[in-house]
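# Report on the structure
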Amino acid sequence: MINRIQELRKARKLTQAEFASEIEVTRQTVISLEKGKYNASLLLAHRIAAFFELPIEDVFIFEKGEKKID
Amino acid sequence: MIEKLFTAPKAGITDEEYHEKIKYQTNFWTSIIVLAVIITMILASLQNASDSRSFFHGFSAGIFCGGIGSIIISRSLLHNRKYLHKNKIKATDERLQEISHQANTITVTMLLIVSYIAICWATFYWDRRASYLYLGIIFIYLFNSSVRYILNKIL
């Protein structure tokens, strides 16, 4: 799964620390999320999407080969 | 009670809910420390031999000093909202919780491996102390199963 967190955060001119504070996680977690090392839980994904005022699927994108439940 | 005391705070809780949880934990440990001091003082007064009496006095004084220190620190931090908010973020961060969970699992697995090696060594030399290790490992497995069962019911 890839995400657009870095792109959306930069578009809003936020630092990683500011964004981390907004979604109530540590800066290291934001770094891991942006690098794709860590996949957010449904709750965190929802919180991030709500912060950007976008649907979850516009922030977190399933890659080909990943099982998608219809 | 177990959930309030031993489980990690859930992600998305408010500062107020986190404050309540920490307050509950601080009160619980304060009562445990007070109880431990009283029990060791009673045990010290019941001892006839002077060396065991002084051991219990020292033990009680250690718990008292350490306990008072940690109670004062935790109670003063309880009123520091900025510190609590920072601490809440660290405690509810799901990635840190996962890291901590994985580290604990690896540590317990390593401990069990070391215990198995010690059992093999002790059994080879037919050391009577090996039986204590067997009991220790059985206890760990039983404890693990009970905790899983309880958490499965609670969460």
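Residues numbered from 1 in each chain as written. Chains lettered and ligands numbered in written order. Predicted model: local features only at pLDDT ≥ 70, side-chain atom pairs only at ≥ 80, totals over all residues. Heavy atoms only, no water.

## A few points about the overall build of chain A
- Of the regular secondary structure elements, chain A holds 5 helices and 2 strands.
- Its C-alpha atoms give chain A a radius of gyration of 12 Å, within 12% of the compact-globule value 11 Å for 70 residues.
- When its C-alpha atoms are laid out on the principal axes, chain A stretches across 35 × 25 × 20 Å.
- Burial status across chain A gives 36% buried among its 70 residues. (Helix = DSSP H or I, 4+ residues; strand = E, 2+ residues; numbered from the N terminus. Rg over C-alpha atoms; globule rule 2.2 N^0.38 Å. Buried < 20%, exposed > 50% of the residue type's maximum accessible area, 1.4 Å probe, protein only.)

## Focus on the overall build of chain B
- In terms of regular secondary structure, chain B is built from 6 helices and 0 strands.
- Listing the helices and strands of chain B from first to last along the sequence gives α-α-α-α-α-α.
- Against the globule reference of 15 Å for 155 residues, chain B gives a C-alpha radius of gyration of 21 Å, more extended than a compact globule.
- Dimensions of chain B, computed from the C-alpha atoms along their principal axes, are close to 55 × 45 × 25 Å.
- Looking at chain B as a whole, 21% of its 155 residues are labelled buried.
- Excluding contacts between residues fewer than 6 apart, the proportion of contacts in chain B whose partners are at least 24 apart in sequence is 52%.
- Averaged over its 16 positive side-chain charges, chain B has a centre that lies 4 Å from the centre of its 10 negative ones. (Contact = heavy atoms within 4.5 Å. Lys, Arg positive; Asp, Glu negative; His and termini not counted. Charge placed at Lys NZ, Arg CZ, Asp CG, Glu CD.)

## Quick word on the domain arrangement of chain B
Residue and element names in this part refer to chain B.
- Domain boundaries assigned for chain B yield domain 1 (1–92) and domain 2 (94–155).
- Computed over C-alpha atoms, the centres of domain 1 and domain 2 are 26 Å apart.
- Carbon and sulfur atoms make up 66% of the area that domain 1 and domain 2 hide from each other, which totals about 540 Å².
- The tally of links between domain 1 and domain 2 comes to 0 salt bridges. (Domains from an automatic or database assignment. Buried area = accessible area lost by both parts, 1.4 Å probe. Salt bridge = Lys/Arg side-chain N within 4 Å of Asp/Glu carboxyl O.)

## Looking at the interface of chain B and chain A
- Contacts between the two partners involve 12 residues from chain B, matched on the other side by 13 residues from chain A.
- A buried area of about 960 Å², summed over both sides, lies between chain B and chain A, and 50% of it is on carbon and sulfur atoms.
- When the buried area of chain B at its contact with chain A is split by residue, B:Ile89, B:Glu94 and B:Arg95 rank highest and sum to 56% of it.
- Linking chain B with chain A are 1 salt bridge.
- The salt bridge involving A:Glu24 is made with B:Lys88; its shortest N-O contact spans 3.0 Å.
- Tallied by class, the residues present in the side of chain B that touches chain A amount to 4 nonpolar, 2 polar and 6 charged. (Nonpolar A, V, L, I, M, F, W, Y, C, P; charged D, E, K, R; others polar.)

## Observations concerning the UniProt feature "domain: HTH cro/C1-type" (unreviewed entry) in chain A
- Cross-referencing UniProt, the feature "domain: HTH cro/C1-type" (unreviewed entry) maps to residues 5–59 of chain A in the present numbering.
- Helix and strand shares over residues 5–59 of chain A are 71% and 0% respectively, and the end C-alpha atoms of the span are 7 Å apart. (UniProt positions renumbered as here; feature names shortened; annotations may be inferred.)

## As for helix α5 (residues 94–124) of chain B
- The first and last C-alpha atoms of α5(B) sit 45 Å apart over 31 residues, in line with the 45 Å expected at 1.5 Å per residue.
- Looking at the buried residues of α5(B), the elements they touch are α3 (27–35) and α4 (42–52) of chain A together with α4 (81–92) and α6 (130–154) of chain B.
- Near the N-terminus of α5(B), the side chain that reaches the backbone nitrogen of B:Arg95, with its oxygen 3.0 Å away, is that of B:Asp93. (Expected span 1.5 Å × (residues − 1). Polar contact = N/O pair within 3.5 Å; in protein donor to acceptor, adjacent residues only side chain to side chain.)

## Some thoughts on the pattern of salt bridges
- One pass over the structure, following the stated rule, counts 5 salt bridges over all chains.
- Salt-bridge contacts for A:Glu7 lead to A:Arg4; the nearest nitrogen and oxygen are separated by 3.1 Å.
- The class of A:Glu7 is partly exposed, set by a relative accessible area of 46%.
- Take A:Arg4: its relative accessible area is 25%, and that puts it in the partly exposed class.
- Among the ionic contacts, a cluster of salt bridges with common partners joins A:Glu24, B:Asp15 and B:Lys88.

## Description of unusual backbone geometry
All names here are of chain A.
- Positive phi outside glycine occurs at Lys13, with the angle close to 55°.
- Among the structural elements, Lys13 can be located in the loop between α1 (5–11) and α2 (16–23).
- Although it is not a glycine, Glu24 sits at a positive phi angle of roughly 60°.
- Residue placement: Glu24 occurs in the loop between α2 and α3.

## Points about the packing of α2(A) against α3(A)
Residues and elements named next belong to chain A.
- One way to put it is that α2 packs onto α3 with a least axis distance of 8 Å and a crossing angle of 105°. Taken together, the axis directions place α2 and α3 in an arrangement best described as roughly perpendicular. Of the residues in α3, those in contact with Gln16, Ala17, Phe19, Ala20 and Ile23 of α2 are Arg27, Val30, Ile31 and Glu34.
- Of the residues in the contact of α2 with α3, the class split is 6 nonpolar, 1 polar and 2 charged. (Axes fitted to C-alpha atoms, helices over the stretch in contact; angles between N-to-C directions. Parallel < 35°, antiparallel > 145°, perpendicular 65-115°, else oblique.)

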